[in-house]
Amino acid sequence: MSLAYGGHLRPLLSICIALLCFLLAGQAYEELSDNTLKSLPRPKDDFDIHTGPLLSPILIPRVSGTPGSAAVLQHFADFFRTSLPSWNIQFQNSTSTTPVSNGKEVPFVNLIASRDPPWAASGDVGRLTLVAHYDSKYSPEGFIGAIDSAAPCAMIMHAMRSIDAALTRKWEAMETEGHADADLEEHKGIQVIFLDGEEAFQAWTDTDSLYGARSLAEHWDSEVNSAMSTYKTPLSSISLFVLLDLLGSKNPSIQSYFSTTHWAYKKLANLEKRLRDLKQFKSSADAPGQPWFLDSSKTEHDITTFLGIQDDHLPFLARGVEILHVIDAHPAKGFPEVWHNHNGVPDDGEHLDIATVEDWSTLVTAFAAEWMELEGFMPLSGDGPTKNDEAQKPEKRNANHLNKKTEL
Ligand SMILES: *[C@@H]1O[C@H](CO)[C@@H](O)[C@H](O)[C@H]1NC(C)=O
Ligand SMILES: [Zn+2]
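Residues numbered from 1 in each chain as written. Chains lettered and ligands numbered in written order. Predicted model: local features only at pLDDT ≥ 70, side-chain atom pairs only at ≥ 80, totals over all residues. Heavy atoms only, no water.

### Quick notes on the coordination of the zinc ion (ligand 2)
Coordination of the zinc ion (ligand 2) by the protein involves D148 (OD), E199 (OE), E199 (OE) and H340 (NE2), with metal-donor separations of 1.9 to 2.7 Å. Coordination geometry of the zinc ion (ligand 2): the 4 donor atoms subtend angles of 53 to 140° at the metal centre, consistent with an arrangement described as irregular. Each donor residue of the zinc ion (ligand 2) belongs to the same chain, with the gaps between them written as D-x50-E-x140-H. Taken together, the residues span a long stretch of sequence, with D148 in helix α4 (residues 146-177) and E199 in the loop between β5 (188-195) and α5 (211-222) at a distance of 51 residues. Just as D148 is buried, E199 falls in that class too. (Donors = N, O, S within 2.8 Å, 3.2 Å for Na, K, Ca; no water. Tetrahedral: all angles 85-135°; square planar, octahedral: opposite > 155°, others 65-115°. Helix = DSSP H or I, 4+ residues; strand = E, 2+ residues; numbered from the N terminus. Buried < 20%, exposed > 50% of the residue type's maximum accessible area, 1.4 Å probe, protein only.)

### Observations regarding the packing of α4 against helix α8 (residues 354-371)
Interhelical geometry of α4 versus α8 gives an angle of 45° and a closest axis separation of 8 Å. In this view, α4 runs oblique relative to α8, as classed from their interaxial angle. Between α4 and α8 the crossing geometry is right-handed. Here α4 contributes A151, M155, H158, A159, M160, S162 and I163 to the contact with α8, which in turn contributes V357, W360, S361, V364, T365, A368 and A369. Classifying every residue of the contact of α4 with α8 by side-chain character gives 10 nonpolar, 4 polar and no charged. (Axes fitted to C-alpha atoms, helices over the stretch in contact; angles between N-to-C directions. Parallel < 35°, antiparallel > 145°, perpendicular 65-115°, else oblique. Left-handed = near helix turned anticlockwise from the far one by under 90°. Contact = heavy atoms within 4.5 Å. Nonpolar A, V, L, I, M, F, W, Y, C, P; charged D, E, K, R; others polar.)

### Overview of the nonpolar core
Counting residues in hydrophobic clusters, the biggest one holds 105 residues, and the most contacted among them are F80, M160, I163, F194, F316 and F367. With 17 residues, α4 is the single largest residue contributor to this core. In this structure, V106, F108, F201 and Y211 belong to the second largest nonpolar core, which totals 5 residues. (Core = buried A, V, L, I, M, F, W, Y, C linked by side-chain atoms within 4.5 Å.)

### Comments concerning the environment of P140
Note on placement: P140 falls in the loop between β4 (126-133) and α4. With a relative accessible area of 38%, P140 lands in the partly exposed category. Separated by 200 residues in the primary sequence, P140 and H340 have C-alpha atoms spaced 8.7 Å apart.

### Things to note about helix α6 (residues 262-277)
Under the 1.5 Å per step criterion, the end-to-end length of α6 is 22 Å for 16 residues, consistent within 8% with the ideal 22 Å. The set of residues buried in α6 consists of H262, A264, Y265, L268, A269, L271, E272, R274, L275 and R276. Residues of α6 that are buried make contact with α2 (34-38), β6 (238-245), β8 (323-327) and α8. A positive backbone phi angle near 60° is found at K279, which sits one or two residues after α6. (Expected span 1.5 Å × (residues − 1).)

### A few points about the sheet that holds β6
Strands sit in the order β2-β3-β5-β4-β6-β8 across an open sheet of 6 strands; the sheet is mixed. Where the open sheet ends on each side, the last strands, each with one partner, are β2 (88-96) and β8. Neighbour-to-neighbour, the strand axes of this sheet turn through a mean angle of 20°, independent of strand direction. Taken together, the 8 bridges between β4 and β5 define a ladder with parallel strand orientation. Considered in β5, the bridge of R127 is made with G189. (Pairing = 2+ DSSP bridges.)

### Let's talk about the confidence of the model for the chain
Summary statistics for the chain give a mean pLDDT of 88 and a share of 83% for residues scoring 70 or more. Considering only residues more than four positions removed or in separate chains, one finds that residues 4-26, a stretch of pLDDT under 50, has 27 contacts. Segment residues 383-408 is flagged for pLDDT under 50; beyond a separation of four residues in sequence, or across chains, it makes 32 contacts in the model. (pLDDT = per-residue confidence, 0-100.)

### Focus: the pairing of β5
β5 sits mainly inside the fold: 8 of its 8 residues count as buried. Neither face of β5 is open: one carries K188, I190, V192 and F194, the other G189, Q191, I193 and L195, and all of them are buried. Summarising the sheet, strand β3 (residues 106-115) and β5 pair through 5 bridges and their orientation is antiparallel. From the neighbouring strand, L111 faces β5, where its bridge partner is F194.

### Considerations on the side chain of D208
By secondary structure assignment, the location of D208 is in the loop between β5 and α5. At a separation of 3.3 Å, a polar atom in the side chain of D208 contacts the main-chain amide nitrogen of A203. A polar contact of 2.6 Å, which involves the side chain of D208, links it to the side chain of Y211. What D208 contacts, discounting residues up to four positions off in sequence, is P99, A200, F201, Q202 and A203. (Polar contact = N/O pair within 3.5 Å; in protein donor to acceptor, adjacent residues only side chain to side chain.)

### What about the packing of aromatic side chains?
Overall, the coordinates contain 20 aromatic pairs when judged by the stated rule. Residues Y29 and W371 carry aromatic rings whose centres are separated by 6.3 Å and whose planes lie at 90° to one another, so their mutual orientation is edge-to-face. Note that Y29 is positioned in the loop between α1 (15-24) and α2 and W371 in helix α8, a separation of 342 residues in sequence. In terms of burial, Y29 and W371 fall into one category: buried. The interplanar angle of 5° and the centroid separation of 4.6 Å between the aromatic rings of F108 and Y211 together place this pair among those described as stacked. One end of the pair, F108, is in strand β3; the other, Y211, is in helix α5, with 103 residues separating them in the sequence. Among the aromatic residues, those joined into a ring-pair cluster are Y265, F281, W292, F293 and W360. One cation-aromatic arrangement involves R214 over Y211; the distance from NZ or CZ to the ring centre is 5.2 Å. (Phe/Tyr/Trp six-rings, centres within 6.5 Å; stacked < 30°, edge-to-face > 60°. Lys NZ or Arg CZ within 6 Å of the ring centre and 35° of its normal.)

Take a look at the structure:
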């Protein structure tokens, strides 16, 4: 990823139109209860840098087109096939020469894993889309890229595994109650994109960077869903493109960059606060008062929209996709100290702050669960229903009932 002030970003199109589309698409979002937040599945040893089943296999050099890259891709594919068998896995492949490939074509492989409501035609599903890149930098040799972006990939894996059973329960309940295909709201899916070739091989330029993202955005823009579909292309099926990058250092600083998705940024900020207040954040012990989301009290009119961090969202943004860019970039200090090993501190497993990594995974889980409206379907532990649960709508009480029945 590269920081270039001075505007490679195209101006955003009309906010009003975006808002209208958003309202028409009927995007609902439902907050989780305190009790559910306190019961979120925890990563256990997932993020142990030596043996953690999710993270440790990614902490190897994985330059595009090398055996390390193939091994990490295999790790992802194995994870979805084994732990999330209801998910659909696809690869989107391309090749390109690079400034260091001596005219040879280098393969770039993006992995897309998705899960849709079982009754929905794929062209009718709008998907929350969680994105991170899995390639590592060509130089210096042996570069690991733990925050960039091994840890974000593992956070997403943990979050998807944590909501999968609740998705099943929710969709089963909806089918049982027979209002599965009532309206658009019930055509809400989720997908993960692990992108290849984000890093420049030599020096960041428009052509030496974002190899996988450029290819996928172009491909999905030209691929047409079946006739009569709600969404014309796979690109327009992305309801929100949440890009996680450079996460895993202590005390991250997350800014809000896009006014049309500032509302979703605020949802994340609110979850951070609630999880902290509920003592669910491990990293709070060191820095109790420091919020990660710096712009949470700003309105969408007050945020700095044209900062110009070049990252995988750009080819999607250029095609009108709604972006939430979750990247640790302090307004004054810039990227984390370990970024690209620039300060002599290597971006490797040993320099991750694991408490922060775990907190991120909890936060991403909570956000995905709220987006997919899984209150009442997530596992509960501890002290039973809260007052909040009692106050839920009748169908939600049914849902709770069903939840308990399948849990016990
Ligand atoms: C894309 O590449 C992957 C990894 O090499 C391979 O498994 C897959 O079959 C390829 N897919 C297509 C459609 O060529
Ligand atoms: Zn990088």
